[in-house]
Amino acid sequence: MSIKIKLFANFREGRGKIVEMDYTPGMTGQDVIDSLGITAPEIAALIVDGVDGKVDAMLTVPIKEDGYMAIFPPVAGG
């Protein structure tokens, strides 16, 4: 089984738009970002299996088998 991680903006650089990763029971968002080389302070928004919340809290949520994450960096614009 696997999970899908959708990356946005600069997180796609060198990683691609969607990353598929082997699922391990009990894995959390923290496990995913660690494996991608992304740190929590770099993340503005994180969605785990369709639920969003504060990044620090979402990093501890277990990901479901065949689940997904979406990771967003801060976005600047005008």
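Residues numbered from 1 in each chain as written. Predicted model: local features only at pLDDT ≥ 70, side-chain atom pairs only at ≥ 80, totals over all residues. Heavy atoms only, no water.

(A) Examining the environment of Glu-20 more closely. Structurally, Glu-20 is set in strand β2 (residues 18-22). The exposure class of Glu-20 is exposed, given its relative accessible area of 53%. With 14 residues separating them in the primary sequence, Glu-20 and Asp-34 have C-alpha atoms 15 Å apart. A polar contact is formed between the side chain of Glu-20 and the side chain of Ser-2, at a distance of 2.8 Å. (Helix = DSSP H or I, 4+ residues; strand = E, 2+ residues; numbered from the N terminus. Buried < 20%, exposed > 50% of the residue type's maximum accessible area, 1.4 Å probe, protein only. Polar contact = N/O pair within 3.5 Å; in protein donor to acceptor, adjacent residues only side chain to side chain.)

(B) Inspection of the side chain of Ser-2 at higher detail. Its place among the elements puts Ser-2 in strand β1 (residues 2-7). Ignoring sequence-local partners within four residues, the contact set of Ser-2 consists of Glu-20, Met-21, Asp-22, Tyr-23, Asp-66 and Gly-67. (Contact = heavy atoms within 4.5 Å.)

(C) The arrangement of the pairing of strand β5 (residues 68-72) in detail. Strand direction decides the pairing type here: β1 and β5, joined by four bridges, are parallel. Paired with Leu-7 across the strands is Ile-71, a residue of β5. Summarising the sheet, strand β3 (residues 45-48) and β5 pair through four bridges and their orientation is antiparallel. Bridging across to β5, Ala-45 finds its partner in Phe-72. (Pairing = 2+ DSSP bridges.)

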